[in-house]
Amino acid sequence: MKIGLTYDLRSDYLAAGYDELATAEFDREDTIDALETAIKGLGHTTDRIGNVRRLIDRLARGNRWDLVFNIAEGINGIGREAQVPAILDVYNIPYTFSDPLVMSLTLHKGMTKRVIRDAKIPTSDFCVVEKEGDEMLVTFPPPYFIKPVAEGTGKGVSPHSIIHHRRDLASACGALGRTYHQPVLVERYLSGREFTVGIIGTGTDAEVLGTIEVILLAGAEAGVYSYVNKERCEELVQYRSVRSSAEPLIRKTEDIALSAWQVLGCRDGGRVDIRCDEAGQPYFLEINPLAGLHPDHSDLPIICKGIPLSYEVLIERILASAFKRIDQKNPGPKDQPLIIPV
């Protein structure tokens, strides 16, 4: 099978003048090398496409693929993670991971939590502050936790995200909103243990791969899995594999994660972040349907190491889930010209 690879290389954007923070979610060259090696090891041929602009160019030149392995994060707009899936849908080309609706929804943490709350899945109290004065809509008591509503990789998250007094909430939200040019999510701060749960599969076929606890080490920014802690995770964070068979809390955590994955309609593989309150009750934090796939640095492969499950088998299982959709696609020709009769 001919499999195209779509991705955003951090080095490309740095060379184009973007700064380190703007490119934080993008991939390193060794991630693409590892992914391509795994796919080739499974007997497929690969074609490195690159970012969304290069995908558009390749499609315009008539290039096509049996499947696209998509890990492109996008650079512009709240729907940036949906851009590659939407374009591939236009051309009837199957791809890995979630569709444009899910990608747009889950990037907006406030919208995601509204769906989760309506589905009766435990999530902490929250409010989206879109403009000055909206902080008055926050009805729950401090301490609060604030973050940009549509960023990943811990961008905008630091010890300053913990707001201990209501009088400080307006200024903190204003500063964060001006920095990231987007609304701010205000949540009740959860001070307990933090977990990330790996999921594989789609719909009723989805299952929990495993779970790791995120433990901040001495020298880490305290109380929060921040941007700095994530960027320097090798020295600041311990990832401890935990088992539902050994601890009832982990079973509850994994049940919440799998329910959230299925309710939101995520596909093929990804992660769900869960954090406990001071009483030890777990709550849905956020979901990543486009999880990082660096074999050593990213959370999902780290989860697999604790099972253990090899990187190649992880990629094989993601592909197996995506392959099920190939036969369900519209059987019309992929090279059909996009001409609408009038």
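Remember, predicted model here, so these are calculated numbers, not experimental data.

**Q** Help me out: how do you make sense of the sheet that holds strand β5 (residues 144-148) in this one?
**A** Two strands in a sheet stick together by hydrogen bonds in their backbones, pointing the same way (parallel) or opposite ways (antiparallel). Across the sheet, which stays open at both edges, the 4 strands sit in the order β4-β7-β5-β6 with antiparallel pairing between neighbours. Taken across any chain shown, the strands that pair with only one partner, and hence form the sheet edges, are β4 (126-129) and β6 (162-163). Inspection of the sheet shows β5 paired to β6 by 2 bridges, in the antiparallel sense. From the neighbouring strand, Y144 faces β6, where its bridge partner is I163. Together, β4, β5 and β7 (184-188) form the strand contacts of helix α6 (residues 109-118), whose direction differs from that of β4 by roughly 150°. Running at roughly 15° to β5, helix α7 (residues 169-180) makes contact with β4, β5, β6 and β7 of the sheet.

**Q** Looking at this structure, how should I read the packing of aromatic side chains?
**A** Centre distance and the angle of the planes are the two values used to describe a pair of aromatic rings. Under the counting rule described, the total for this entry stands at 6 aromatic pairs. Centroid distance Y13 to F26: 4.5 Å. Interplanar angle 40°. Geometry classified as tilted. With Y13 in helix α1 (residues 10-15) and F26 in the loop between α1 and α2 (29-41), the pair connects residues that are 13 residues apart, well separated along the chain. Both residues of the pair, Y13 and F26, count as buried. Considering the side-chain rings of F145 and Y189, the 6.1 Å spacing of their centres and the 25° angle between planes classify their relative orientation as stacked. In this pair, F145 sits in strand β5 while Y189 sits in the loop between β7 and β8 (194-200), placing the two residues 44 residues apart along the sequence.

**Q** Even after reading the chapter, I still don't get the side chain of D134, so can you show me in this structure?
**A** Position of D134 relative to the elements: it lies in the loop between β4 and β5. Not counting residues up to four positions away in its chain, the partners in contact with D134 are C127, V128 and V129.

**Q** How should I be thinking about the packing of α6 against helix α10 (residues 248-264) in this particular structure?
**A** Each pair of packed helices gets described by two things: the angle between the helix axes and the distance between those axes. At a minimum axis separation of 10 Å, α6 and α10 run at an interaxial angle of 105°. By the angle between their axes, α6 is roughly perpendicular relative to α10. In this structure, α6 contributes T112, V115 and I116 to the contact, and α10 contributes A260, V263 and L264. Split by residue class, the contact of α6 with α10 holds 5 nonpolar, 1 polar and no charged.

**Q** Help me out: how do you make sense of unusual backbone geometry in this one?
**A** As a rule of thumb, non-glycine residues mostly have phi less than zero, and peptide bonds are mostly trans rather than cis. Across the junction of P142 and P143, the peptide omega takes the value 5°, indicating a cis bond. With an omega dihedral of 0°, the bond running from I307 to P308 counts as a cis peptide bond. Positive phi, close to 55°, is recorded for T153, a residue that is not glycine. By the element assignment, T153 lies in the loop between β5 and β6. Phi angles above zero are rare outside glycine, and D268 is one such case at about 75°. For D268, a relative accessible area of 0% translates into the label buried.

**Q** Where do I start with the environment of A257 in this structure?
**A** Summarising the element assignment, A257 is placed in helix α10. For A257, a relative accessible area of 0% puts it in the buried group. Considered as a pair, A257 and R271 are 14 residues apart in the sequence and their alpha carbons are 8.2 Å apart.

**Q** Looking at this structure, I do not really get the nonpolar core. What am I missing?
**A** In a soluble, globular protein the nonpolar side chains are often hidden away together inside. Core analysis: the largest hydrophobic core is formed by 29 residues, its most contacted members being F69, L293, L314 and I315. For this core, the elements supplying multiple residues, two or more each, are β1 (2-6), α2, β3 (67-70), α11 (299-305) and α12 (311-323). The element best represented in this core is α12, accounting for 6 residues. Filtering out sequence-adjacent residues up to four positions away, L293 remains in contact with T31, F69, I71, F97, S298, L300, P301, Y311, L314, I315 and I318.

**Q** In this structure, what is going on with helix α3 (residues 52-60)? I would like to understand it.
**A** Residue pairs three or four apart in sequence face the same way in an α-helix, which turns once every 3.6 residues. The complete set of buried residues in α3 reads V52, L55, R58 and L59. The buried residues of α3 all sit within an arc of 120° when viewed along its axis, so they share a single face. Of the exposed residues in α3, the ones pointing more than 90 degrees away from its buried face are R53 and A60. Buried-residue contacts for α3 involve β1, β2 (45-50) and α4 (83-90).

**Q** Looking at this model, I keep getting lost on the environment of T6. Mind explaining?
**A** Here T6 lies in strand β1. Given a relative accessible area of 0%, T6 falls into the buried group. The spatial distance from the C-alpha of T6 to the C-alpha of E73 is 9.3 Å, given a sequence separation of 67 residues. T6 has contacts with I49, G50, L55, V68, F69, N70, I71, A72 and V84, leaving out every residue within four places of it along the chain. Within the local environment of T6, its side chain forms a polar contact with the side chain of N70, the two groups lying 2.9 Å apart.

What counts, and at which threshold
Residues numbered from 1 in each chain as written. Predicted model: local features only at pLDDT ≥ 70, side-chain atom pairs only at ≥ 80, totals over all residues. Heavy atoms only, no water. Pairing = 2+ DSSP bridges. Helix = DSSP H or I, 4+ residues; strand = E, 2+ residues; numbered from the N terminus. Contact = heavy atoms within 4.5 Å. Axes fitted to C-alpha atoms, helices over the stretch in contact; angles between N-to-C directions. Phe/Tyr/Trp six-rings, centres within 6.5 Å; stacked < 30°, edge-to-face > 60°. Buried < 20%, exposed > 50% of the residue type's maximum accessible area, 1.4 Å probe, protein only. Parallel < 35°, antiparallel > 145°, perpendicular 65-115°, else oblique. Nonpolar A, V, L, I, M, F, W, Y, C, P; charged D, E, K, R; others polar. Core = buried A, V, L, I, M, F, W, Y, C linked by side-chain atoms within 4.5 Å. Arc of directions from axis to C-beta. Polar contact = N/O pair within 3.5 Å; in protein donor to acceptor, adjacent residues only side chain to side chain.

Remember, this is a structural readout, not a statement about activity or role.
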